[in-house]
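Now for the letters of each chain:
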Amino acid sequence: MTDIPATDDAVLRVTDLRTHFPVRSRGVFPKTIGQVKAVDGVSLSVAPGETLGLVGESGCGKSTTGRTVLRLIAPTSGTIELDGTDITRMSAKQLVPLRRKAQMIFQDPYNALNPRHTVGTIIGAPFEVQSVSPPGGVRAAVQDLMARVGLNPEHYNRYPSEFSGGQRQRIGIARAVALRPKIIVCDEPVSALDVSIQAQIMNLLKDLQDDFGVAYLFVAHDLSVVRQISHRVAVMYLGHIVELAPRDSLYSKPLHPYTHALLSAVPLPDPRAQANREQIRLSGDLPSPINPPSGCVFHTRCFRAEDRCKAEVPELRELLPGHTVACHFPMFDLEVGTVIRGPQGEVSELDAPEVRPPSEVIADVVESGGLARATGVDYVTGPDATPPD
Amino acid sequence: MTSASAPFLSVQDLSVTFPTEDGRVQAVDGVSFSVERGKTLAVVGESGSGKSVTAQAIMGLLDRRLSSVTGHAWLEGRDLVAMDDDEVRRERGSRMAMIFQDPMSSLHPFYRIGAQLSEAVLVHQKVSKQAAREQALEMLNRVGIPDPRTRIDNYPHQLSGGMRQRVMIAMALINSPALLIADEPTTALDVTVQAQILELIGNLQQEYDTAVIMITHDLGIVADIADDVAVMYGGRIVESGSVDDIFYRPQMPYTLGLLASVPRLDQVRAERLDPIPGNPPSPISLPPGCVFQPRCAYSDRVADHACEGVRPELVDIGGGHAVRCHLDGGQRLAIATDVLDALAGSGA
């Protein structure tokens with residue numbers, strides 16, 4: 001895999017990480033008959049105070065990546081460096097002091113908290129496990145944390161069942177930031193929450209980042225949430241990172257056909273913009289990670305795939321500043337009227353994106369009382385369609 | 001089919017209460033709406049808003065011993081609420097059908113999907129087993145199951161999540177119902193599969209001229225497929241109208257709060273979102289006045305603390321757009337303009 005542009009002081013650096021799970025035959029003497037390649041050659045880095053979003057559909061390996069970098073799952077190969085220390089092969093005992101630097105927030109705020117422990121015990125556990133005595137005592141520190149994440153410190157002795165889903169997520173967050181870690185892996189932290197609560201939690205994560213300079217590896221399937229919170233975004237498909245870019249670059253100039261399809265599949269909360277959107281429908285399901293397709297893993301569902309894609313694995317290449325993509329035919333050249341072939345040979349055509357002068361857009365906004373938006377599809381039809389090799 | 005005057009489905013003053021150990025839970029409180037054939041009504045709300053219970057009450061899926069349902073749900077002039085269980089069961093699966101978030105709630109794990117689809121036909125139509133199987137095959141084909149001749153003999157566990165969702169949709173639509181209620185049908189699915197399923201529902205709706213009630217929390221889905229929208233909160237409809245009313249001319253502070261809470265794919269909002277503070281109310285102890293008052297930033301603009309004590313009614317403000325709020329029209333407009341301008345500004 002190619003080098004990922006990274007600052008030298010990356011708080012987390014992962015190089016060519018692979019996490020494979022053996023598939024065993026049944027019977028008295030089970031034999032390994034295959035490997036589920038959940039993570040297959042992932043390289044990424046997270047700078048201090050940065051949020052790297054990791055998106056993809058279920059089964060793409062994003063959660064396994066998140067857990068492997070914390071060594072909650074053993075990696076098969078590759079290296080994981082946490083704050084300059086190689087933790088890939090460390091024993092559980094050696095890892096204990098490093099857990100102060102890296103923490104995790106889970107999706108399900110109901111299962112992530114011990115129902116028999118009080119909130120005070122739960123949030124205070126990191127101090128106890130790491131034998132840290134905060135100035136002023138654990139109780140004061142915990143109550144500080146509770147206030148910081150928006151919980152009532154007087155609820156110190158309550159049990160998780162007495163809190164709502166959003167409040168439980170706040171408890172999990174308080175526990176994760178207790179020891180001021182350098183990085184927190186957030187695994188779908190807001191996907192189980194209602195819309196209004198989701199926004200509250202995202203704001204909280206952002207505030208904590210501003211206050212403590214903590215970095216996040218933000219694993220999520222919701223592309224809108226990821227756009228809101230991330231500085232850079234990596235898109236995963238079948239165990240591979242297919243595109244990694246600064247946030248705005250990824251959302252405005254997606255280069256990988258899969259990223260395109262993913263973005264176009266998300267309905268916008270804006271009826272007029274939604275009605276005018278170009279949508280790319282992927283057909284079929286995710287292939288099995290036991291027998292991933294040859295060449296580019298996406299070629300079986302790709303509307304731009306050619307023979308080369310079946311044979312050659314595309315490398316991640318930097319085609320725009322900081323914007324890397326693993327594709328033989330990145331979507332630089334997608335012009336109006338381009339014929340798109342589906343995997344079964346279906347043909348559809350890209351219609352002309354509606355590009356309107358700003359004055360017209362503003363007039364429309366005024367007329368409709370506020371919320372109409374420009375709906376031009378931002379395809380790059382640049383002259384430089386030949387990528388550097 | 002329908003007469004020119006009466007709507008195809010008309011729900012009037014529907015209320016559902018559950019007696020529990022902690023007291024009477026008012027899950028749905030005086031909900032009224034109507035849907036025409038070929039149209040889609042989206043019912044939006046957060047957990048506990050009563051949107052799913054409303055659907056279950058219409059479908060006759062609530063246990064009458066454990067709940068009390070009042071009001072009316074007129075389906076082509078016949079009241080579903082007044083029917084006895086057997087009558088509703090005959091309607092369900094033939095003239096109306098429902099799909100759920102979890103396809104395994106509708107599929108039996110021990111039977112082949114072909115048998116389950118055929119059974120749906122045999123219960124409601126007088127046809128031979130062979131003809132029922134043919135119908136099942138055709139329906140599987142229509143919902144986009146690849147290689148239906150093989151798949152028809154699969155068990156549910158042999159199918160992927162998206163395929164099971166398709167099978168459930170096939171089962172719901174196999175008797176071409178005139179009314180389809182979809183309760184968060186794509187929440188458990190990936191976006192690319194969600195797009196396929198929504199398109200499928202839309203195509204089948206056109207083909208059969210089906211009235212669709214889409215229950216969802218996702219404003220993107222609402223914008224994508226709805227003709228009309230009802231926003232529910234604390235068991236009540238707090239705002240309803242056309243999809244344009246709700247997205248471009250919203251007036252109820254809760255609707256505005258929802259729009260402001262949603263992160264956007266197509267624009268970077270301000271670094272911080274502007275969420276509604278606090279939590280949704282518990283249906284066991286709803287506020288006596290406006291259900292949204294404890295979280296509303298504007299209730300102090302209403303005289304005499306009316307929001308805290310007096311229950312606002314759903315008032316039509318013109319063109320079928322109705323709002324349940326004590327603020328007067330001028331105040332609501334000023335607030336809405338502020339919020340929408342802020343949103344448009346942060347997206348620029």
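Throughout this document, residue positions are counted from 1 along each chain, in the order its sequence is written. Whichever chain is written first is A, and whichever ligand is written first is 1; the rest continue in order. The predicted nature of this model means local features are confined to residues of pLDDT at least 70 and side-chain atom pairs, given and counted, to a pLDDT of 80 or more, with totals for whole chains, interfaces and linings taken over all residues. Each side-chain value is worked out from all heavy atoms of the structure, with water and hydrogens disregarded.

Chemist: Which residues make up the pattern of salt bridges, and what are the values?
Modeler: Residues and elements named next belong to chain B. Just to be clear on terms, a salt bridge is a Lys or Arg side-chain nitrogen sitting within 4 Å of an Asp or Glu carboxyl oxygen. Applying the stated criterion across every chain yields a total of 32 salt bridges over all chains. Note that Arg 236 and Asp 29 form a salt bridge whose closest N and O atoms lie 3.3 Å from each other. Taken together, the positions of Arg 236 in strand E10 (residues 236-242) and Asp 29 in strand E2 (residues 23-35) put the pair 207 residues apart, joining distant regions of the chain. Summarising the burial analysis for this pair, Arg 236 and Asp 29 share the class buried. Lys 51 is paired through a salt bridge with Glu 184; the nearest N and O atoms lie 3.9 Å apart. Taken together, the positions of Lys 51 in helix H1 (residues 51-58) and Glu 184 in the loop between strand E7 (179-183) and helix H7 (191-208) put the pair 133 residues apart, joining distant regions of the chain. You'll find Lys 51 and Glu 184 in the same group, each marked buried. A run of H or I in DSSP becomes a helix once it reaches four residues, and a run of E becomes a strand once it reaches two; helices and strands are each numbered from the N terminus. The classification of residues rests on relative accessible area computed with a 1.4 Å probe and restricted to protein chains. Under 20% of the type maximum is buried, over 50% is exposed, and intermediate values are partly exposed.

Chemist: Please give an account of the packing of helix H3 (residues 113-124) of chain B against helix H6 (residues 161-173) of chain B that cites residues and values.
Modeler: Residues and elements named next belong to chain B. Axis geometry follows a simple rule: fit a line to the C-alpha atoms, using only the stretch in contact for helices, then measure angles between N-to-C directions, giving values from 0 to 180 degrees. Direction vectors running N to C along H3 and H6 enclose 20°, while the axes themselves pass 8 Å from each other. Viewed along their axes, H3 and H6 adopt a mutual orientation that is roughly parallel. Crossing of H3 over H6 shows right-handed handedness. Between H3 and H6, the contacting residues are Ile 113, Gln 116, Leu 117 and Ala 120 on the first element and Val 167, Ala 170 and Met 171 on the second. Grouping the amino acids of the contact of H3 with H6 by side-chain chemistry returns six nonpolar, one polar and no charged. Small angles under 35 degrees read as roughly parallel and large ones over 145 as roughly antiparallel, with 65 to 115 read as roughly perpendicular and the rest as oblique. By definition, turning the near helix anticlockwise from the far helix through less than a right angle yields a left-handed crossing, and turning it clockwise yields a right-handed one. It only takes one pair of heavy atoms within 4.5 Å for two residues to be counted as in contact. Only Asp, Glu, Lys and Arg are considered charged in this grouping, and only Ala, Val, Leu, Ile, Met, Phe, Trp, Tyr, Cys and Pro are considered nonpolar; every other residue, Gly among them, is considered polar.

Chemist: Quick rundown of the UniProt feature "domain: ABC transporter" (unreviewed entry) in chain B? Include the residues and the values.
Modeler: Cross-referencing UniProt, the feature "domain: ABC transporter" (unreviewed entry) maps to residues 9-259 of chain B in the present numbering. The span residues 9-259 of chain B shows a helical share of 38% and a strand share of 27%, and its end C-alpha atoms are spaced 28 Å apart. UniProt positions are given in the numbering used here, feature names are shortened, and annotations may be inferred rather than shown by experiment.

Chemist: Give me helix H4 (residues 129-142) of chain B: which residues, what numbers.
Modeler: Residues and elements named next belong to chain B. Under the convention used throughout, the expected extent of a helix is 1.5 Å for every residue step, that is, one less than its residue count. Over its 14 residues, H4 extends 20 Å from the first C-alpha to the last, a length consistent with the 20 Å expected when each residue adds 1.5 Å. Packing partners of the buried residues in H4 comprise H3, helix H5 (148-151), H6 and H7. Just past H4, the residue Gly 144 takes up positive phi, approximately 85°.

Chemist: Provide a residue-level description of the sheet that holds strand E5 (residues 78-79) of chain B, including the pertinent values.
Modeler: Residue and element names in this part refer to chain B. Pairing is antiparallel across the open sheet formed by four strands, whose spatial order is E2-E1-E4-E5. Sheet topology places E2 and E5 at the edges, where each strand pairs with a single neighbour. Two strands qualify as a pair provided DSSP detects at least 2 bridges between them. Across two bridges, the pairing between strand E4 (residues 68-75) and E5 is antiparallel. The residue bridging Leu 75 from the neighbouring strand is Arg 78, located in E5. Across the face of the sheet, H1 comes into contact with strand E1 (9-20), E2 and E4 while running at roughly 110° to E1.

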